[in-house]
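# Structural overview
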Amino acid sequence: MDKAKISEEIQKILDVSKVGVLSTSHNNVPNSRYMIFYHDEAVLYTKTDDDSPKVEEVESNPQAHILLGYEETKNKSFVEIRAKVEVVDDQKIIDWLWETQDKTYFNSKNDPDLTVLKLTPVQIKIMNSDNLDTPVTIKMEDILE
């Protein structure tokens, strides 16, 4: 397994794919919704309202599944990500999202309802890659070694 090549493919997909599906669970009931994602390496971030049901969902069960890619990639490649989610109110992260990303849904980076979900991958599966023999599933601990 060429970890560098796998990491490169993951980055290519994350670089072009912003809108994806975030799936969470609350009381053993799945819930999926489209979200706009931003990334720093493989860690994903998405803005949300602190009163959103997804905040309660991830606080009660911090496991999530994300689908990103397919339409935006030339070969229909995409990633399936199993991630640990945490709610962050870090102003540095909010500033980064506000200044370098889109400014949708909130009027200001100082909006008291603006919060961020940080999604740290545990495992990533790559599908439909022309550069890899897919599907390829890798645990993040394998990449970070």
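Residues numbered from 1 in each chain as written. Predicted model: local features only at pLDDT ≥ 70, side-chain atom pairs only at ≥ 80, totals over all residues. Heavy atoms only, no water.

### Considerations on the side chain of Thr-46
Mapping Thr-46 onto the fold places it in strand 4 (residues 43–49). Within polar-contact distance, the side chain of Thr-46 engages the backbone oxygen of Ile-36 at 2.8 Å. In contact with Thr-46, other than residues within four places in its own chain, are Met-35, Ile-36, Phe-37, Thr-115, Val-116, Leu-117 and Leu-119. (Helix = DSSP H or I, 4+ residues; strand = E, 2+ residues; numbered from the N terminus. Polar contact = N/O pair within 3.5 Å; in protein donor to acceptor, adjacent residues only side chain to side chain. Contact = heavy atoms within 4.5 Å.)

### Digging into helix 3 (residues 91–100)
Taken together, the buried positions of helix 3 are occupied by Ile-93, Ile-94, Leu-97 and Trp-98. Taken down its axis, helix 3 places every buried residue within 130° of arc, on the same side. N-cap assignment for helix 3: the residue whose side-chain oxygen lies 2.8 Å from the backbone N of Lys-92 is Asp-90. (Buried < 20%, exposed > 50% of the residue type's maximum accessible area, 1.4 Å probe, protein only. Arc of directions from axis to C-beta.)

### With respect to the packing of aromatic side chains
Within this structure, the stated rule accounts for two aromatic pairs. Judged by centre distance (5.6 Å) and plane angle (75°), the rings of Tyr-45 and Trp-96 are edge-to-face. Highlighted residues: Tyr-45 in strand 4 and Trp-96 in helix 3, separated in sequence by 51 residues. Since its relative accessible area comes to 8%, Tyr-45 is described here as buried. (Phe/Tyr/Trp six-rings, centres within 6.5 Å; stacked < 30°, edge-to-face > 60°.)

### Notes on the pattern of salt bridges
Here the structure, examined in full by the defined rule, presents five salt bridges. A salt bridge links Lys-12 to Glu-8, with the shortest nitrogen-to-oxygen separation between them at 3.7 Å. Note that Lys-12 and Glu-8 are positioned in helix 1 (residues 3–16) at a spacing of four residues, about one turn of the helix. Here Lys-12 makes a salt bridge to Glu-9, at a shortest N to O gap of 3.4 Å. A residue pair is termed a helical-turn pair when its members lie 3 or 4 positions apart in one helix, as Lys-12 and Glu-9 do in helix 1 at three residues. Residue classification places Lys-12 among the partly exposed residues on the basis of a relative accessible area of 40%. Beyond isolated ion pairs, a larger network of salt bridges with shared partners links Glu-8, Glu-9 and Lys-12. (Salt bridge = Lys/Arg side-chain N within 4 Å of Asp/Glu carboxyl O.)

### Section: unusual backbone geometry
The omega angle of the peptide bond from Thr-134 to Pro-135 is 5°, so this bond is cis rather than trans. By the element assignment, Pro-135 lies in the loop between strand 7 (114–127) and strand 8 (136–139). The residue Asn-27 is not glycine, and still its phi comes out positive at about 55°. For Asn-27, the location among the structural elements is in the loop between strand 1 (19–26) and strand 2 (29–36). Of note, Asn-128 is a non-glycine position whose phi angle comes to about 65°, a positive value. Here Asn-128 lies in the loop between strand 7 and strand 8. When its relative accessible area of 32% is taken as the criterion, Asn-128 is described as partly exposed.

### Examining the nonpolar core
If you look at the biggest cluster of nonpolar residues, it comprises 25 residues, and the most contacted ones within it are Leu-22, Phe-37, Leu-44, Ile-66, Val-79, Ile-81 and Leu-119. Listing elements by their share of this core, those giving two or more residues are helix 1, strand 5 (63–69), strand 6 (78–88), strand 7 and strand 8. Once residues lying within four places of it in the same chain are set aside, the contact partners of Leu-119 are Leu-22, Phe-37, Ala-42, Val-43, Leu-44, Tyr-45, Thr-46, Ala-64, Ile-66, Ala-83, Lys-84 and Val-85. (Core = buried A, V, L, I, M, F, W, Y, C linked by side-chain atoms within 4.5 Å.)

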